[in-house]
Amino acid sequence: MGAVYRAHELKHGRDVILKVLRPDIGISGGQARFESEVRIAARLAHPHIVPLLDSGDAGGLLYFVMPHLPGETLRERIDRLGALPVPDAIKLMRDIADALLHAHEHGVVHRDLKPENILCSGEHAFLLDFGIAQYTRDEDDAGRLTLEGNAVGTPRYMAPEQAAGRAVDHRADLFAFGIVANEMLFGSRRGDLAAATRSDVPEALSALIFRCLSPDPARRPRSAGTLVAALDALASQGAVASVAAERPIVIKRRRWPFLLYGAAAAAVIAIAWRAVITRDAVPADTLQTPIAVLPFREDGDAAADGVRGRLAGAWITQGLHETGVVQVVPWTEVLQAVAGSTEPEVALLRRSVVGTIVTGTFYTTPDGTTLHAEIRAVRSGRLLASLEPVRVPHDSAAQAIRIVRDRVMGALAITRDARFAATAARHERPPTFESYRAFDRAMTQFLAQQYRPALAGFREAFALDDGFIAPLLYASQAAWNTSQYAVLDTLLGVLDARRSELTDYHEHLRQQLRAMLEGDGRAAYASAARAAALAPDSRAAYDAAVIALWLGWNDSALVRLEAMSPDRGAMIGWPSYWTNLAHARHLTRNHAAERRAAREMRARHPTLRVAWVLEARALAALRDFGALDALLAEAEALEPDVYWSYGGMLVVAGEELAAHGDSLHAAPYATRAREWLEGRLRLRPTQPDHLFWLASAAHVLGDFAAERRAYGRLVQVDARLRNREALALAAERSGSVGALAHVPQPEPNDIGSRYVAEARLAALRGDAQRRDDWLREADRVGVRGRPWLHGAAWRDLGTLPP
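Residues numbered from 1 in each chain as written. Predicted model: local features only at pLDDT ≥ 70, side-chain atom pairs only at ≥ 80, totals over all residues. Heavy atoms only, no water.

1. A short note on the overall build of the protein chain
Part 1: Broken down by element type, the protein chain carries 32 helices and 17 strands.
Part 2: Here the protein chain holds 802 residues, and 54% of them are scored as buried.
Part 3: The contacts of the protein chain with a sequence gap of at least 6 include a subset with a gap of at least 24, amounting to 63%.
Part 4: Surface accessibility of the protein chain: about 33,200 Å² in total, with carbon and sulfur atoms responsible for 52%. (Helix = DSSP H or I, 4+ residues; strand = E, 2+ residues; numbered from the N terminus. Buried < 20%, exposed > 50% of the residue type's maximum accessible area, 1.4 Å probe, protein only. Contact = heavy atoms within 4.5 Å. Areas by Shrake-Rupley, 256 points an atom, 1.4 Å probe, with all protein chains shown as cover.)

Have a look at this one:
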């Protein structure tokens, strides 16, 4: 757009950078972009964005002035040094992410993030060149300068939606950030990057970059703030600690074309780059993109010149485009590649980059028409799905195509979905796409721990296609998580009746859920372990670890959790993985690693407050009072009226110190918690979460009368059995013998909590034998919430050595 000069400003006696719009560019419409760049630069005041000093019009030449900073572009640094040291790269990434965060918060998307537009001055990075930046807020937009359907940017760094000419938001910059981060770590140049390995890149960093490079914007990090938090956490951990034993990271990059057609315009071709990071080579049966649909053969005719065959290919291609879940080779490109060929697949692969091929055949019989489709991986030749043939009358070929199109869309969505990668789901009949779409919406809610709407969504997915069994299993888990045991029993009844249709994996999962409902923790663990053996990256492996924690098998839980990856398979986006990893490390007394898990959870899921509490517990166990107090001071400003509140953090810290025999330090935290909670309860007297923590604080302080009063108030607003058991124990401490006997027995699925309550009561009465007997019973059935007993029940069940 312009010429850039190094100049000397006489007024202030300093060197500056002068950017001047070329006159011919101004005539062709570049003036609007130039003026937009000036407005944006004037708006953004940030330490890592090169600022605007001045702008104006000198004899018809538009210009603006920036400070001159010593250094080099990131491109020059990479070309000079190659791969950057990991700590240096993280510092630069952090500066870039912070600059992007500032721009995005002011409604600006850069749209051209690349090493040439990043200035490296010493160990810091500065963002340059907002020439094609775009406002994302309506009130900021002074007229959109990029027409819908036009791809603007540097092709190598464009997100798929940007390369397709669609409207973009801040997540397009996050995709480009992932490409730039790759180049910093692997020293790539402008050409193809075939493969590279590097063993000193921390797993958390590779996972972060992997998320940025998702083709689906919704699966990228929520904001640049997430990048900043994650990079801060890596920097605080020294970035390269504990990575020597990790397997090399393999990076593969492939190029794929977008052909963008407009009704009244010539084709615009934009080349976009996609990068995928995995710790191992991509498995042969993993869905590779882009997808190409060949014209269907008619009665085995290899020439593939039938109208119905081309119609089938066109409709299925269009359907895949509309889903937005996979990259698809445009139908016109397929037709051009296979025209006149007797070997259409060979012709297509000679002219186009293709990862997966959909083929099919029409067969005509006296009874009607049969349509059959298959999906196959190009690289390995592996058959990914062979769809059940569709048979229709002779005059219903269009109906058959619609049915097959829906099945192909569903099969590809399932094959691509990492949550199904290891569960043998590909052996089931693929769902309809509408059913899968309902399932995917419900899964998003499930991962966000919004279990009630997820339960309804899973049931809707099954209603749309009752051959799709997976939604019933997830619905059952959602019912368990919301204590809807009657609903769970009903869902398991449906699964019981469909056992012959279940894969081995899903049958083990059904048995696990049934055992959980019946309160048989060891049987539940055995079923989960069998399912996990079939699918190590599935949710069953995670379930086995969680049930091991319920049973007190802490070492087994830790081994299972640390063998899993939070960025692969069913653990993608699952925050509770980090909660239970922190629990397992806590109960095996690895508190430094426990804190790392909590901090990683905070970086990945900044809205979840339990991560703060987990970190506070770890710091208390480490007796790092400086860091603990700093964390608490930061948390005091957060939303107060939630379960994992500031008051709850104080209580957990006090409990943990007391559990390690440090009552001297425990008491001040519990006292602060009580004062804070009483203050909140004066504003909201019936807030159940605050009442629970108030009772817990009184317990730490040994004020059993206050504990009993708080639990009494809690039971008035929330009379669930666990609260009534806690009130009964508090009453027993105050001399009300037999209080626990008047509390009804819980359902079998939660009988472990009663056994623990009986063990605490026996300990209170000095009966060590009965205490141990009840604890053995609890060990047999399992206790949900057992990891917290270490701190909450220390007064009755004993303390750990300090």
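Okay, back to it.
2. Observations concerning the packing of helix α28 (residues 721–733) against helix α29 (residues 751–764)
Part 1: Two elements in contact, α28 and α29, have axes separated by 11 Å at closest approach and are oriented at 5°. Classified by the angle between their axes, α28 and α29 sit roughly parallel to one another. Every residue of α29 that contacts α28 at R722, E725, L729, E732 and R733 is listed here: S753, R754, A757, R760, L761 and L764.
Part 2: When the residues that make up the contact of α28 with α29 are grouped by side-chain class, the tally is 4 nonpolar, 1 polar and 6 charged. (Axes fitted to C-alpha atoms, helices over the stretch in contact; angles between N-to-C directions. Parallel < 35°, antiparallel > 145°, perpendicular 65-115°, else oblique. Nonpolar A, V, L, I, M, F, W, Y, C, P; charged D, E, K, R; others polar.)

3. Brief notes about the nonpolar core
Part 1: Ranked by size, the top nonpolar core spans 97 residues in total, and within it F296, V408, F446, F458 and Y577 carry the most contacts.
Part 2: Filtering out sequence-adjacent residues up to four positions away, F458 remains in contact with F439, A442, M443, F446, P471, Y474 and A475.
Part 3: Grouped together as the second largest cluster of nonpolar side chains are 55 residues, L92, L100, L185 and A233 included. (Core = buried A, V, L, I, M, F, W, Y, C linked by side-chain atoms within 4.5 Å.)

4. Some points on the confidence of the model for the protein chain
Part 1: With 83% of its residues at a pLDDT of at least 70, the protein chain reaches an overall mean of 80.
Part 2: Of all helices and strands in the protein chain, the one with the weakest mean pLDDT is strand β11 (residues 265–278) (24), whereas helix α22 (residues 610–622) scores best (97).
Part 3: Below pLDDT 50 for its whole length, residues 138–150 participates in 23 contacts with residues either more than four positions away or in separate chains.
Part 4: Low pLDDT, under 50, characterises residues 422–428; the stretch is placed with 17 contacts to residues that sit more than four places away or in other chains. (pLDDT = per-residue confidence, 0-100.)

5. Description of the environment of D54
Part 1: Relative to the helices and strands, D54 is located in strand β3 (residues 54–58).
Part 2: Using a relative accessible area of 41% as the deciding quantity, one classes D54 as partly exposed.
Part 3: For the pair formed by D54 and V38, sequence separation is 16 residues and the distance between their alpha carbons is 9.1 Å.

6. Describing the packing of aromatic side chains
Part 1: In total, this model carries 21 aromatic pairs according to the counting rule given.
Part 2: By the ring-pair criterion, three or more aromatic residues cluster together here, those being F439, F446, Y451, F458, F468, Y474, Y542 and W574.
Part 3: In this structure, R539 packs its charged tip against the face of W574, placed 4.2 Å from the ring centre.
Part 4: If you follow R617 out to its NZ or CZ, it ends over the ring of W788, 4.8 Å from the centre. (Phe/Tyr/Trp six-rings, centres within 6.5 Å; stacked < 30°, edge-to-face > 60°. Lys NZ or Arg CZ within 6 Å of the ring centre and 35° of its normal.)

7. Things to note about the sheet that holds strand β7 (residues 118–121)
Part 1: With antiparallel pairing, 3 strands are arranged side by side in an open sheet as β5-β7-β8. Looking at which strands have only one partner, the edges of the open sheet turn out to be β5 (72–73) and β8 (124–127).
Part 2: Alignment of β7 against β8, held across 4 bridges, turns out to be antiparallel. Of the residues in β8, the one forming a bridge with C120 is A125.
Part 3: Sheet strands touched by helix α3 (residues 86–105): β7 and β8. Its angle to β8, the strand with the most contacts, is close to 30°. (Pairing = 2+ DSSP bridges.)

8. Side note on the pairing of β7
Part 1: Where β5 meets β7, 2 bridges bridge the pair, whose relative direction is antiparallel. Note on β7: the bridge partner recorded for T73 is L119.
Part 2: Connecting β7 to the antiparallel partner β8 that follows it, the hairpin turn spans 2 residues, and G122 within it adopts a positive phi of roughly 65°.

9. A few points about the sheet that holds strand β4 (residues 61–67)
Part 1: The strand order across the open sheet built from 4 strands is β1-β2-β4-β3, with neighbouring strands paired in antiparallel fashion. The open sheet has two edge strands, β1 (2–9) and β3, and neither has a second partner. Recorded for the sheet is a direction-independent mean angle of 25° between the axes of neighbouring strands.
Part 2: Two elements, β1 and strand β2 (residues 14–21), share 8 bridges in a ladder whose sense is antiparallel. Counted as the bridge partner of A7 is V16 from β2.

10. Concerning the pattern of salt bridges
Part 1: Under the definition given, this model contains 44 salt bridges.
Part 2: Of the charged contacts in the structure, one is a salt bridge between E562 and R585, with a shortest N-O distance of 3.0 Å. Of this pair, E562 sits in helix α19 (residues 554–563) while R585 sits in helix α20 (residues 576–587); the two residues are 23 residues apart in sequence, bridging distant segments of the chain.
Part 3: Under the relative-accessibility criterion, E562 is labelled partly exposed at 44%.
Part 4: Accessibility expressed as a relative area gives 13% for R585, which makes it buried. (Salt bridge = Lys/Arg side-chain N within 4 Å of Asp/Glu carboxyl O.)

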